Amino acid sequence: MAAIELLTPHLNSIRIPGNSQKIYKDECVFSFDTPETETGLYVSLSNFLGFGRDFVERNYRKTGNAVYLHIRREKKEIPVEQQGDGPEKKITRLAIGVEGGFDPDSGKKKFEYEESYSIVILPNFVTVPWPDSQLPEVVNASVKAILESDSATKLAELEALAGTWDGEARVITKHAENLLQLNNGKKIPPSGWKCEKCDLTQNLWLNLTDGSVLCGRKFYDGSGGNDHAVEHYRITGYPLAVKLGTITKDGKADVFSYDEDDMVEDPNLIAHLAHFGINIAQMEKTDKSMVELELDLNQKFGEWVALQEAGSQLKPLYGAGYTGLVNLGNSCYMNSIMQVIFVIPDFVKRFVEQSSNIFDSSSCDPASDFNVQMGKLGMGLLSGKYSKPPPETSDAKHSGEELQPGISPHMFKSLIGRGHPSFSTKRQQDAQEFFLHFINTLERNSRHQNNPADCFKFSVEDRFQCSKSKKVKYTYRTEYSLPLPIPLEAATNKEEVTAYESHKAEAEAKGQRLDPSFIVRPKIKLFSCLEAFSQPEIVEQFYSSALNEKTTARKTTRLASFPDYLLIHLKKFTLREDWVPIKLDVAVEMPDILDLSPLRGTGPQPGEEPLPEIMGARPPSPVLDQEVLKQLIDMGFPPEACKKAVYFTDNKGLEPATNWVMEHIGDSDFADPFVPPGTDRTSGGKSSFVPNEEAVSMIMMMGFTRAQSIRALKATDNNIERAADWIFSHQAELDSEESDDTQAANAEPAFRDGSSKYQLIAFISHMGTSTMVGHYVCHILRDGHWVIYNDNKVALSENPPKELGYLYLYQRL
């Protein structure tokens, strides 16, 4: 009774959460403590934030909120005899950790959870068990509402899933409504099938026209069938076949259309099966779906094996710096980038060493505070608190399943992806694009603070020489990664690749597939990529201020500064001629020690005559074919890129402009604002930022000055949506510094510079055919040895596949 009386002074601060209230009952907002942590989780009955034991007292001192719901969850293994087999999960999507996708935890032990609750009153942690009829009604109502409501994590998950486009969705077959089915009296039993032309009893396909049961194609590894089903199609032309053993009670199954050459959906499948006496209510899934088989094969062969080092018995690592990150549904791209980010001292100093100050000065909504969530993530990865080996007596220790649970970066992912059309979903994304998005977000959250991203920042020097006057112009731009083209023509094993591709084409023509364990990739030296990057190019439609007309210019690109950490981006993703996104499957020899001195820019040289500065009004804006421009924009390409395509093809029509887009879609400045070459005023080392005038006008209509609008656009790379957010969050600052806005918008950025010699310390690899599918892992050189971080699996690397990476982080020596 005395404990309950302690609640009386605090009753006015206790609230009952409404439907729109976010409730953080799954995880601490400052750490990765959860109800499963030994000390449990404390949820404030005032602001509904969750706190681990290390942070609940800090919140009490800061806010005075004294009453908390303490949640403790215990995990208990379900005995094998009580688990039951249950229906086998049908995998329908090449995705990880999302509904219908591959479950990274499949095959592991099953557990049940038991939760206990109590009311805790600070500062002395006086505890009252819950439920308790003697508790004040407002306390009981608050707790009940907390427990019955979806958590903030759950709501974020639902929101992300709502925006997830299923890249593996199958189209409805054109044969669905008018499929020919012969009345030949054939009836198919519910089990016991065998190929009608051989003795195979697995990978069998039922032709939905004549009821033939025949074996499928041979797989990569030689398993599968003898191609009898596809041979039957070639003879009869009967188009649809369903894979026996994949039919489920809900009428789902693998259906292949031979003439459409793809897996399809058949909305009339139940009726089509009934024609041959198949009652789906009697069917059980007994065979792997094609997606399951593809996942199996991917993980057995090719780059999946090499990049995950699946053929090795990898030794798990634990402790500070060896903490894994849980895959939240194709979030491996983010996991890999953030593991690499927290290798860099600049980020450790800002977010880990200063985390206590960050947490103390946090806003009333820590889950939406970027600095807090960065500090939380950094501490979670580097403290070692969440990366401990299993007890010596545990089953995992003796079975070799020593996988740490890792930490779940739900809050960080939800925050950094908020409002972004791609990163707010559970779709697979491009790690390079996420890195640049992260850098932009970091810059917006580094006002009046050291920006650790400065360690990546470098200046690129572009030298233009007018072909007629021979006068030169130097411009400079800021980059955070070095994109390198991959010149396939520079492969050192051309003859082997040609022979392999010929053999592969012959096999595919016969409906066969080669064993991918013997794949022959083009081998390319990094030197060839650097050479392709630095090769001079001819710029068409260059405005020469010396001639006051358009001509051509010779452009060379060099680095004006060398950053502390250089991120090299190999441009592996491109478009096929039919516009299908693909990845170049190449092996690039990446040296451990790299000297980039040949790329050092020299700036203006003695004897060079500069092109005159453009004085007064700008040259007339170029005339662009508006019809072609509209057609390109309607195709979904960025408007600024479309302007470039029309301009650089000299208004010659849609086809040349489209070809230009396809050739340049991988350029780092592809979507940057279009500035006709030679017309920018800035040179001599100044920033070449050019505001989007339409965006400036739109922001000025909100009541801001031109200088303030330019400053917001500069801070957000001309992204008007982000600029609007930025300017509203910096109103007081802009008002007090209005007189300095124009100067700030054109200020020359500072760059760190030093030696051009680097050492490889990390690389991120992608396995899969495009950025929208597949998986990312990263390798990091830590404590003198290479470590593989494959989501929550952290282990000593035995054979780091350096030649198959996508992003490479080099540290200046």
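Only a predicted model underlies this, so the values are computations on that prediction, with no experimental measurement involved. Residues take numbers from 1 onward in each chain, read along the sequence in its written order. Predicted model: local features are reported for residues with pLDDT of at least 70 only, side-chain atom pairs are reported and counted for 80 or more only, and whole-chain, interface and lining totals are derived from all residues. Hydrogens are left out, water is left out, and the side-chain values use all remaining heavy atoms of the structure.

1. Some points on the packing of aromatic side chains
We call Phe, Tyr and Trp rings a pair once their centres come within 6.5 Å, taking the six-membered ring for Trp, and we label the pair stacked below 30 degrees between planes, edge-to-face above 60, and tilted otherwise. Applying the stated criterion across every chain yields a total of 27 aromatic pairs. Between the aromatic rings of Phe 370 and Phe 438, the centroid separation amounts to 6.3 Å while the plane-to-plane angle is 45 degrees, which identifies the pairing as tilted. A residue pair is termed long-range when its members are at least 10 positions apart, and Phe 370 in helix 13 (residues 370–382) and Phe 438 in helix 16 (residues 431–444) qualify at 68 residues. Taken individually, Phe 370 and Phe 438 each receive the classification buried, so the pair is uniform in this respect. Relative to Tyr 808, the ring of Phe 763 has its centre 5.8 Å away and its plane inclined at 25 degrees; by these criteria the two rings are stacked. Numbered from the N terminus, helices here are DSSP runs of H or I no shorter than four residues, and strands are runs of E no shorter than two. Here the term buried applies to any residue with accessible area under 20% of the maximum for its type, exposed to any over 50%, and partly exposed to those in between, with areas from a 1.4 Å probe on protein chains only.

2. Here we look at the confidence of the model for the protein
Low pLDDT means the predicted atomic positions in that stretch should not be read closely. Along the chain, pLDDT gives the predictor's confidence residue by residue, from 0 to 100. Looking at the protein as a whole, the pLDDT averages 83, with 81% of positions reaching at least 70. Ranking the elements of the protein by mean pLDDT puts helix 26 (residues 741–745) last, at 43, and strand 26 (residues 807–812) first, at 98. In the model, residues 163–168 has pLDDT below 50 throughout and makes 13 contacts with residues more than four positions away in sequence or in other chains. In this model, residues 681–687 is a region of pLDDT below 50 whose contacts with residues beyond four sequence positions or in other chains number 21 contacts. Residue contacts are defined here by distance: any two heavy atoms, one from each residue, within 4.5 Å place the two residues in contact.

3. Looking at unusual backbone geometry
Of the consecutive residues Leu 122 and Pro 123, the connecting peptide bond is found in the cis state with omega at 15 degrees. Residue position: Pro 123 is located in the loop between strand 4 (111–121) and strand 5 (126–130). Looking along the chain, the bond that leaves Trp 130 and enters Pro 131 is cis, with omega of 5 degrees. Mapped onto the elements, Pro 131 comes out in the loop between strand 5 and helix 4 (137–148). A positive phi is found at Asn 203, a non-glycine position, where the angle reads about 55 degrees. With respect to the helices and strands, the residue Asn 203 is situated in the loop between helix 5 (152–162) and strand 6 (204–207). Note on Asn 203: relative accessible area 6%, which makes it buried. A positive phi angle is found at Lys 470, which is not glycine, with a value near 65 degrees.

4. Regarding helix 16
Under the convention used throughout, the expected extent of a helix is 1.5 Å for every residue step, that is, one less than its residue count. Between its first and last C-alpha, helix 16 extends 20 Å over 14 residues, near the 20 Å set by a 1.5 Å rise per residue. Counting buried residues along helix 16, 10 of its 14 residues qualify, which places the element largely inside the surrounding structure. Among the residues making up helix 16, those that are buried are Ala 431, Gln 432, Phe 434, Phe 435, His 437, Phe 438, Ile 439, Asn 440, Thr 441 and Leu 442. What qualifies as a polar contact is a pair of N or O atoms within 3.5 Å, subject to a donor-acceptor requirement within protein and to the restriction that residues adjacent in sequence count only when both atoms come from side chains. The N-cap of helix 16, judged by a side-chain oxygen 3.0 Å from the amide nitrogen of Gln 432 a few residues on, is Asp 430.

5. So, the packing of helix 13 against helix 15 (residues 410–417)
To get an axis, a line is fitted to the C-alpha atoms, and for a helix only the part in contact is used. The angle between two axes follows their N-to-C directions and goes from 0 to 180 degrees. The geometry of helix 13 relative to helix 15 is characterised by a closest axis approach of 10 Å and an angle of 145 degrees between their N-to-C directions. Seen along the crossing, helix 13 lies across helix 15 with a hand that is left-handed. Across the interface between the two elements, Phe 370, Gln 373, Met 374, Lys 376 and Leu 377 from helix 13 touch Met 411, Phe 412, Leu 415 and Ile 416 from helix 15. In this classification, the charged set is Asp, Glu, Lys and Arg, the nonpolar set is Ala, Val, Leu, Ile, Met, Phe, Trp, Tyr, Cys and Pro, and all remaining amino acids, among them Gly, are polar. For the contact of helix 13 with helix 15, the class distribution of residues is 7 nonpolar, 1 polar and 1 charged. For any helix crossing, the convention is left-handed if the near helix is rotated counterclockwise from the far helix by under a right angle, and right-handed if that rotation is clockwise.

6. Section: the environment of Leu 611
Here Leu 611 lies in the loop between strand 21 (593–595) and helix 19 (626–634). Spatially, the C-alpha atoms of Leu 611 and Ser 545 are 6.2 Å apart, while their sequence positions differ by 66 residues. Dropping the residues within four chain positions of it, Leu 611 is found in contact with Cys 466, Ser 469, Lys 471, Val 472, Lys 473, Phe 542, Ser 544, Ser 545 and Ala 546.

7. Quick word on the pairing of strand 23 (residues 775–782)
Along strand 23, 7 of the 8 residues are buried, which leaves the element largely enclosed by surrounding structure. Pairing of strand 22 (residues 757–767) with strand 23, which is carried by 6 bridges, proceeds in the antiparallel orientation. Residue pairing in the sheet places Ser 765 in a bridge with Val 777 of strand 23. In short, DSSP must find at least two bridges between two strands for them to pair. In terms of strand pairing, strand 23 meets strand 24 (residues 785–790) through 5 bridges, oriented antiparallel. Bridge pairing in strand 24 links Ile 780 to Val 787. Here strand 23 hands over to strand 24 after 2 residues, with Asp 783 in that stretch at a positive phi of 55 degrees.

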